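Observations on chain architecture
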Amino acid sequence: MRDPFTHYEYLEVSPGVSADGLKRAYQRRILEVHPDKLQQRQQSSPTSALATTNNFSKVQLAWQVLQDPRKREEYDGYLADLATRSHGIVHEAVTLDEMHFDETEQDYTRACRCGAEFLLQKEDMEIGADVALCTGCSLRIHVLY
Ligand SMILES: [Zn+2]
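Residues numbered from 1 in each chain as written. Predicted model: local features only at pLDDT ≥ 70, side-chain atom pairs only at ≥ 80, totals over all residues. Heavy atoms only, no water.

Describing the packing of aromatic side chains
One pass over the full model with this rule turns up five aromatic pairs. Aromatic side chains Tyr8 and Tyr75 sit 6.2 Å apart centroid to centroid with 45 degrees between the ring planes, which places their arrangement in the tilted category. Linking Tyr8 in helix α1 (residues 7–11) with Tyr75 in helix α5 (residues 69–84), this pair joins segments that are 67 residues apart in sequence. With respect to class, Tyr8 is no different from Tyr75; both count as buried. Among the aromatic side chains, those forming a connected cluster through ring pairs are Tyr8, Tyr75 and Tyr78. (Phe/Tyr/Trp six-rings, centres within 6.5 Å; stacked < 30°, edge-to-face > 60°. Helix = DSSP H or I, 4+ residues; strand = E, 2+ residues; numbered from the N terminus. Buried < 20%, exposed > 50% of the residue type's maximum accessible area, 1.4 Å probe, protein only.)

Here we look at the confidence of the model for the protein
Averaged over all residues, the pLDDT of the protein is 88; the fraction at 70 or higher stands at 86%. Considering each helix and strand of the protein separately, the mean pLDDT is smallest for helix α3 (residues 35–44), with a value of 67, and largest for strand β3 (residues 107–111), with 96. (pLDDT = per-residue confidence, 0-100.)

Some details on the pattern of salt bridges
Enumeration over the complete set of coordinates arrives at six salt bridges. Of the charged contacts in the structure, one is a salt bridge between Glu12 and Arg29, with a shortest N-O distance of 3.6 Å. Here the residue Glu12 occupies a position in the loop between α1 and α2 (19–32), and Arg29 occupies one in helix α2, the gap between them amounting to 17 residues. Glu12 gets classed as partly exposed once you look at its relative accessible area, which sits at 46%. (Salt bridge = Lys/Arg side-chain N within 4 Å of Asp/Glu carboxyl O.)

Describing the nonpolar core
Soluble globular proteins tend to pack their nonpolar side chains together in the buried interior. Counting residues in each nonpolar core, the largest one holds 23 residues, and the members touching the most others are Leu11, Val13, Leu22, Val59, Tyr75 and Tyr78. Looking at this core, the elements that each hand over two or more residues are α1, α2, α4 (46–66), α5 and β5 (131–134). When residues of this core are assigned to their parent elements, the largest contribution, six residues, is made by α4. Three or more residues apiece are contributed to this core by two domains, here domain 1 (7–67) and domain 2 (88–144). Ignoring sequence-local partners within four residues, the contact set of Tyr78 consists of Ile127, Ala129, Asp130 and Val131. (Core = buried A, V, L, I, M, F, W, Y, C linked by side-chain atoms within 4.5 Å. Domains from an automatic or database assignment. Contact = heavy atoms within 4.5 Å.)

Let's talk about the sheet that holds strand β4 (residues 117–121)
If you walk across this open sheet you meet the six strands as β1-β6-β5-β4-β3-β2, and the pairing is mixed. The open sheet has two edge strands, β1 (90–95) and β2 (100–102), and neither has a second partner. Across the sheet, the axes of successive neighbouring strands diverge by a mean angle of 30 degrees, strand direction being ignored. Summarising the sheet, β3 and β4 pair through five bridges and their orientation is antiparallel. (Pairing = 2+ DSSP bridges. Axes fitted to C-alpha atoms, helices over the stretch in contact; angles between N-to-C directions.)

Encoded structure:
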């Protein structure tokens with residue numbers, strides 16, 4: 001299982017894209033995945049229409065994070081973090097309901113088979129991070145929310 005698509009991939013830009021390039025890419029992509037387009041497409045291909053609904057919110061989220069320099073920096077840090085642990089493979093995909101919410105720490109955890117746990121912090125979620133790394137081994141999980 002590969003990692004989920006990154007915000008850059010949803011906007012179809014390279015990670016080094018300029019603010020201008022980002023804006024143009026967003027404007028183009030949001031038209032491509034807009035629900036109005038969806039209706040037209042539904043008639044021709046129901047499967048691609050389904051993918052489009054999902055992509056619309058993903059493209060919006062990607063834009064919200066990347067157009068904010070502070071959030072983009074955090075997101076880049078998160079991607080760099082994932083890259084340095086390149087041996088990690090996505091072990092499974094889980095929903096937030098399948099994770100344990102820690103009231104005190106305000107983060108989500110899930111027991112890993114190594115004895116440690118996968119960790120997804122609230123700050124990670126603010127930038128749309130959806131891969132949780134295990135604190136004890138190289139496994140990672142895709143968190144759907
Ligand atoms: Zn582990």
